[in-house]
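Residues per chain are reported as follows:
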Amino acid sequence: MFKITIILTLYVFWSVVSGELKSSVDGIPSQMNFLFVIIDDLRPTLGCYGDSRAYTPHLDRLARRSVLFEKAYAQQALCAPSRISLLTSRRPSSLRLYDTHSYWRNSVGNYSTMPQHLKNHGYRTASFGKVFHPGASCNGNDDSPYSWTEPAFHPYTQIYKDAPVCPSGSVRLASNLVCPVRVKSMPNATLPDIETLQAAKAFLRTVAREEKPFFLSIGFHKPHVPLKYPKRYLKHHPRRKHHLPTNYQWPNNLTHLAYNPWMDLRLRDDVRKLALSCPWQKIPGRYARKIIQSYYAAVTYIDNLVGKLLYELELRALRNNTIVILTSDHGWSLGEHSEWAKYSNFEVALRVPLLISVPGFSSARVREPVELLDIFPTVAELAGFPVSICPRQRPPNLCSQGSSLLPLFRSSDRSQPLSDWKGIAISLYPRLDMEPVCEPDGDKPSLRHIRIMGYSIRTMNYRYTVWLPFSWRTNRPEWTKLLAEELYDHNLDVREMYNVAASADHQLQKQHLKNRLMNSLR
């Protein structure tokens, strides 16, 4: 037995050195390609997540070949912090990034990214569309040259994102929130996500002739506001199909810190015409339903583009050796609590779809909470180059604050949760003041203006959120000065309308969750 062990050890060592053994995961061929799709502002409004109003046949088909994570959560409901957190597997608090204004390599550390890790191990890495958030948070160049083997692609027509191109019922075109359009009448007779799809398909045609593995990242902009999409997708979403959420009102026993005034909607011409007082006046029900209808239609539009992308993968005979990962940077409120957009710690703002399709693995559903920062260590392990968990003190440039999801793959057919899985997801959101602020934009405070931080922990059955004074200079909250607490029992209240933080029956549970949150954020 000792000789056999020695022989096997030498074989594994030689295989790794010679490059013949690339995958550390049973059942997965070596040198798998990766297709990573991130969809902007997408909550789980998909048929595969049980949403009866959704029309998403292509994503539902992908789900039938995927491990579907029912409870996947962003670390902050804002584009730049969420995306950088996902791509580096570091929490926003470790990145010191709660806004869009700093580049982590300059401000906190030269942390490696997921595509950079694969690039360093021989992968061709490419970015199309919105993968990193454009601007200062990726150094204005999509973290090149670190993350990508070639220049990132951005659609030219994105410059017309907020242009007045929306039919408004009058001669004048408008910059509306709700904006179904005829594609041929748009600038350059196209839309940004269509441009991104065409460029990505061209990339797949190129790499199909190569032996080098690839990591292809694609970021679709919709259903991010404005809700601009080809109007033909409205045929799948007649107005009668969409209704207001049953919790289209603000709860009575909830801190105002939890509320966001959805300022990016108020800036649109059609919403401005409603002449709503800020921050509390609700959007009238009729127009609220129109927004919901257009959000679902925009999701169907993106579903169609993803379907065309996956068809190209099949056409180029790449599907059987390509791992497909699809997710979003955060969710989006569609009137729940009379709120819209993201910018909160509510379930609807943080929960995202997460599908991982691995050739050789059967489809399954995972119920345990997971985090977006778990994707990087999962990809690394699937590629055969796992990364270690970051130590609490002086973490190296390459490590993860997440956990590989592969143990959940193997246990996803069990009826009971995995006993040694962390079972929590942690998120946060900053605030300017105790009351919602409309001017300056209180939804997106810059680091130096943050005075309060809300930290939230999600378990299988509960969400606990605590609001604390916060110092941007030290990047620390004051745990001894609680400003407000929220506790939602998802066994009874999936809509998070009844804050039971003051309930005598929930004090032990609340303290337990608070301790777990504090320990996880140290």
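This text follows the structure it describes.
Here we summarise the structure given alongside this text. What you see is a predicted model, and the numbers here were worked out from it, not measured in a lab. (Residues numbered from 1 in each chain as written. Predicted model: local features only at pLDDT ≥ 70, side-chain atom pairs only at ≥ 80, totals over all residues. Heavy atoms only, no water.)

Some thoughts on the overall build of the protein chain
Counting secondary structure elements, the protein chain contains 14 helices and 19 strands. Computed over C-alpha atoms, the radius of gyration of the protein chain comes to 23 Å, within 12% of the 24 Å expected from 2.2 N^0.38 for 522 residues, which places it in the range of a compact globule. With the principal axes as the frame, the protein chain shows a C-alpha extent of 80 × 60 × 45 Å. Counting all 522 residues of the protein chain, 61% fall into the buried class. Surface summary for the protein chain: the accessible area is close to 21600 Å², and the carbon and sulfur share equals 53%. Between the mean site of the 66 positive side-chain charges and the mean site of the 44 negative ones, the protein chain shows a separation of 3 Å. (Helix = DSSP H or I, 4+ residues; strand = E, 2+ residues; numbered from the N terminus. Rg over C-alpha atoms; globule rule 2.2 N^0.38 Å. Buried < 20%, exposed > 50% of the residue type's maximum accessible area, 1.4 Å probe, protein only. Areas by Shrake-Rupley, 256 points an atom, 1.4 Å probe, with all protein chains shown as cover. Lys, Arg positive; Asp, Glu negative; His and termini not counted. Charge placed at Lys NZ, Arg CZ, Asp CG, Glu CD.)

What to know about the sheet that holds strand β3 (residues 72-73)
Strand order in the open sheet formed by 3 strands is β11-β3-β14, and the pairing between neighbours is mixed. Every other strand in the sheet has two partners, leaving β11 (351-352) and β14 (370-371) as the edge strands with one partner each. (Pairing = 2+ DSSP bridges.)

Things to note about the environment of Arg516
Inspection of the secondary structure assignment puts Arg516 in helix α14 (residues 507-521). Here the alpha-carbon distance between Arg516 and Ile457, two residues 59 residues apart in the chain, equals 8.3 Å. With residues near it in sequence (within four places) discarded, Arg516 still touches Lys422, Ile424 and Ile457. (Contact = heavy atoms within 4.5 Å.)

Regarding the environment of Leu274
Looking at the element boundaries, Leu274 is found in the loop between α9 (269-272) and α10 (285-315). Sequence separation of Leu274 and Glu439 is 165 residues, and the distance between their C-alpha atoms is 19 Å. If near-sequence neighbours (up to four positions away) are discounted, Leu274 is found in contact with Ile283, Pro284 and Tyr287.

As for the pattern of salt bridges
What the rule picks out here adds up to 23 salt bridges. For Arg272, the salt bridge is made with Asp269, and the minimal N-O distance between the two is 3.0 Å. Here the residue Arg272 and the residue Asp269 both occupy positions in helix α9, the gap between them amounting to 3 residues, near one helical turn. According to the relative accessible area criterion, Arg272 is partly exposed, its value standing at 46%. One salt bridge connects Arg463 with Glu347, and the closest N-O pair in it is separated by 3.0 Å. Taken together, the positions of Arg463 in strand β17 (residues 462-471) and Glu347 in helix α11 (residues 347-350) put the pair 116 residues apart, joining distant regions of the chain. This pair shows no difference in class: Arg463 is buried, exactly as Glu347 is. Three or more residues joined by partner-sharing salt bridges are found here, namely Asp40, Arg83, Lys130 and Asp329. (Salt bridge = Lys/Arg side-chain N within 4 Å of Asp/Glu carboxyl O.)

As for helix α7 (residues 192-207)
In this model α7 runs 23 Å from its N-terminal to its C-terminal C-alpha over 16 residues, within 8% of the 22 Å that 1.5 Å per residue would give. Of the residues making up α7, those classed as buried are Pro192, Asp193, Glu195, Thr196, Leu197, Ala199, Ala200, Lys201, Phe203, Leu204 and Val207. Where the residues of α7 are buried, they touch β4 (124-129), β6 (214-220) and α10. (Expected span 1.5 Å × (residues − 1).)

A word on the pairing of strand β19 (residues 484-489)
Within β19, 5 of the 6 residues are buried, which leaves it mostly tucked inside the rest of the structure. Across 6 bridges, the pairing between β17 and β19 is antiparallel. Across the sheet, Thr465 pairs through a bridge with Glu486, a residue of β19.

Focus on the nonpolar core
In summary, soluble globular proteins display a tendency toward joint burial of nonpolar side chains. Ranked by internal contacts, the top residues of the largest apolar core, which has 81 residues, are Leu35, Leu216, Phe220, Leu265, Ile283 and Trp340. Not counting chain neighbours up to four residues away, the residues in contact with Leu265 comprise Leu177, Val225, Val271, Ile283, Trp332, Trp340 and Ala341. Among the nonpolar cores identified, the runner-up in size contains 46 residues, and Val370, Phe376, Leu382 and Leu408 belong to it. (Core = buried A, V, L, I, M, F, W, Y, C linked by side-chain atoms within 4.5 Å.)

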